[in-house]
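Results of the structural survey
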Amino acid sequence: MATKTASKKTDLSHTRGNGYEGLKPSDARKLDELCRAYIAFLSVSKTEREAHDEAVRLLQARGFKDLEALIAAGTRLAAGDKVYRSCAGKTLAAAVIGRKPLERGLQVIGGHIDSPRIDVKQNPLYESGEMALLDTHYYGGIKHYQWVALPLALHGVFIKPDGRKIPIRVGEDPGDPVFCITDLLPHLAQDQMKKTMSDGIPGEGLDVVAGSVPCADKKRKERIKYRVLELLKEKYGLSESDFLSAELEFVPAGPAREAGFDRSMILAYGQDDKACAFPAIQALLDLPGTPEYTAAVLLCDKEEIGSLGATGMQSNFFENTVGEMVNLSGGTYSELTLKRALGASWMISADVNVLHDPLYPGVSELKNAALLNGGAVVTKFTGARGKSGANDANAEFVAEIRRIFDAAGVVYQSAELGKVDQGGGGTIAGYMARYGMNVIDCGVGVLSMHAPWELSGKLDVYMTYKGYLAFLKDARGGKK
């Protein structure tokens, strides 16, 4: 393991430090280039649909072909072929076919592209107190109070019964209006402030103000609500019933930004888990030549709410996709061949870990906590309490990751998810490990995780990318 490995061969100790110490000029240039691209990705990919579409755009620009089209045409896959496959426009798998048969396993990096947010309900629009509001249902683990009194943008789609898809994105362009959830002023909040932080603002209290001007028809009831409907009709051709088949998400308005006097950090919404998803897809794009083992990246939906549903990691989407690739790769397809391919695979579960926060030191055990700009975070196990729900990678596979990262000059660190019995969490690692493949968590450390604005270190993002690229390139140490 190595953020800092002892320089003298006689020194047996292992120490950690800031990854900028000793950073090569070539790495510094690549770091700046990657992080500029990452900031741009964050700013246009706030929802899982947008992240999926942007990733597809990047893949197509590098020659990746839609696997569905190849399946329909019966096109055979050969070493070096680049393919991707989508699931409902929210989950994405992409791969570069390797020289070895798929039965020998894949090198897989899997992350997620959904993030905590405020979803709009199916019957949301109502009028009260001379305002039109949208009723909401929060998505994922959020602190309710963090989402009030800040500018929000509305992203999503309406799907008409005839199949037409109407995208909506309001609050991001400089001339756009924004939205907000109101809060009490301190003078009237005495009762509210006596409550716990989790109870001060209830989930049903996260409704968004959408308008305040009445329609011209004075005979109509709920004139302010109706004026909002008129505006939606004028701009998008929508009626109130179209909310029934819509997926609308309120997210913090505004682009990702550099942070700090030294610009060494990134402040943005959705870095859990796009801080890992973007380096993963970029590593696949930058993979040189034809890899020994098929290199694959999986970007999935629904991780923040349990990975259920057709686009979640608990579905069979990835398994089915590998099956399709096996079928198109020559030879005879069988369930046994598919199981062998999955069981022989190596995977990095690309998800974020928490960074040690000096403002809240009591939740970290410093020796085993990730440090800002200390490099990519390797997490042997997640879970809670007695490692409940953890994948807990075996030591042999951890050693393989050390070998790969050390050989590539990756700055990395090992960390847990907070103190024992303090909390905990999980990733998609367990859903992949069920196939018998080796799986370990590795990603970027983040401060203010699940808040509207999260903070990451540029060096950590870059070293995560560098580690992912080395992992996809690896020929498993020449092992047969």
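Figured I'd write up the structure that's included with this text.

Rules behind the numbers
- Residues numbered from 1 in each chain as written.
- Predicted model: local features only at pLDDT ≥ 70, side-chain atom pairs only at ≥ 80, totals over all residues.
- Heavy atoms only, no water.
- Pairing = 2+ DSSP bridges.
- Helix = DSSP H or I, 4+ residues; strand = E, 2+ residues; numbered from the N terminus.
- Axes fitted to C-alpha atoms, helices over the stretch in contact; angles between N-to-C directions.
- 1 Å grid on protein atoms, 1.4 Å probe; cavity = no way out; pocket = protein on both sides within 12 Å on 5 of 7 lines; lining within 4 Å.
- Points joined across faces, edges and corners; volume = space filled by probe spheres on them.
- Nonpolar A, V, L, I, M, F, W, Y, C, P; charged D, E, K, R; others polar.
- Salt bridge = Lys/Arg side-chain N within 4 Å of Asp/Glu carboxyl O.
- Buried < 20%, exposed > 50% of the residue type's maximum accessible area, 1.4 Å probe, protein only.
- Left-handed = near helix turned anticlockwise from the far one by under 90°.
- Contact = heavy atoms within 4.5 Å.
- Phe/Tyr/Trp six-rings, centres within 6.5 Å; stacked < 30°, edge-to-face > 60°.
- Lys NZ or Arg CZ within 6 Å of the ring centre and 35° of its normal.

Before going further, it helps to examine the sheet that holds strand E9 (residues 152-159). Read across the open sheet, the six strands follow the order E10-E9-E12-E7-E8-E11; overall the sheet is antiparallel. Only two strands of the sheet have a single neighbouring strand rather than two, namely strand E10 (165-170) and strand E11 (208-211). On average, each strand axis in the sheet is tilted by 30° relative to the strand beside it, whichever way the strands run. Pairing of strand E7 (residues 117-128) with strand E12 (residues 246-252) involves two bridges; the strand directions are antiparallel. Bridge pairing in E12 links Ile118 to Phe250.

Approximately 1,100 Å³ is the volume attributed to the largest pocket. As for the largest pocket, its lining consists of 36 residues, and the residues nearest its centre are Val354, Leu417, Ser448, Met449 and His450. Counting only elements with at least two residues in the lining of the largest pocket, the list comes to strand E17 (353-354), strand E21 (424-425) and strand E23 (445-447). Residues belonging to the lining of the largest pocket are distributed by class as follows: 13 nonpolar, 16 polar and seven charged. By volume, the second largest pocket is sized at about 450 Å³. Along the walls of the second largest pocket sit 21 residues, with Phe179, Ala210, Val228, Leu231 and Leu232 positioned nearest its centre. Of all the elements in the fold, those that place two or more residues in the lining of the second largest pocket are E9, E10, E11 and helix H5 (223-236). When residues of the lining of the second largest pocket are assigned to their parent elements, the largest contribution, six residues, is made by H5. Considering only residue class, the lining of the second largest pocket consists of 17 nonpolar, two polar and two charged.

Moving on: the pattern of salt bridges. Inspection of the entire model under this criterion finds 31 salt bridges. A salt bridge links Lys46 to Glu172; the nearest nitrogen and oxygen atoms lie 2.9 Å apart. Here the residue Lys46 occupies a position in the loop between helix H1 (25-44) and helix H2 (48-61), and Glu172 occupies one in the loop between E10 and helix H4 (190-194), the gap between them amounting to 126 residues. Glu172 carries the same exposure label as Lys46, and that label is buried. Several salt bridges share partner residues, and in doing so they unite Glu48, Arg117, Asp119 and Glu249 into one network.

This part takes up empty space enclosed by the protein. Under the defined criterion, the tally for this structure stands at three cavities of 30 Å³ or more. The calculated volume of the largest cavity comes to roughly 50 Å³. As for the largest cavity, its lining consists of Leu67, Val83, Tyr84, Arg85, Ala93, Ala94, Ala95, Ala296, Phe318, Thr321 and Met325. Of the residues in the lining of the largest cavity, the class split is nine nonpolar, one polar and one charged.

With respect to the helices, strands and loops of the structure, Ala78 is situated in the loop between helix H3 (67-73) and strand E4 (82-87). Ala78 gets classed as partly exposed once you look at its relative accessible area, which sits at 40%.

Time to look at the packing of helix H7 (residues 317-327) against helix H8 (residues 335-343). At a minimum axis separation of 10 Å, H7 and H8 run at an interaxial angle of 115°. Between H7 and H8 the crossing geometry is right-handed. Between H7 and H8, the residues in contact are Phe318, Glu319, Val322, Gly323 and Val326 and Thr337, Leu338, Ala341 and Leu342, respectively. Considering only residue class, the contact of H7 with H8 consists of six nonpolar, two polar and one charged.

Take Gln192: it is sitting in helix H4. Judged by its relative accessible area of 18%, Gln192 is buried. Each residue touching Gln192, except ones within four places of it in the same chain, is listed here: Asp183, Leu184, Gly200 and Ile201.

For the rest of this paragraph, the subject is the packing of aromatic side chains. By the definition in use, this model includes eight aromatic pairs. Centre to centre, the rings of Trp346 and Phe397 are 5.4 Å apart; their planes meet at 75°, and the pair counts as edge-to-face. One end of the pair, Trp346, is in strand E16 (residues 346-349); the other, Phe397, is in helix H9 (residues 395-408), and 51 residues separate them in sequence. Note on Trp346: relative accessible area 9%, which makes it buried. Each ring, one from Tyr462 and one from Tyr465, has its centre 6.1 Å from the other, and the planes form 35°; the classification is tilted. One end of the pair is Tyr462 and the other is Tyr465, both in helix H11 (residues 458-473) and three residues apart, which spans about a single turn. Owing to a relative accessible area of 12%, Tyr465 belongs among the buried residues under this scheme. Taken together, Tyr38, Phe41 and Phe278 form an aromatic cluster joined through their ring pairs. Above the plane of the ring of Tyr293 lies Arg476, whose end atom (NZ or CZ) is 4.1 Å from the centre.

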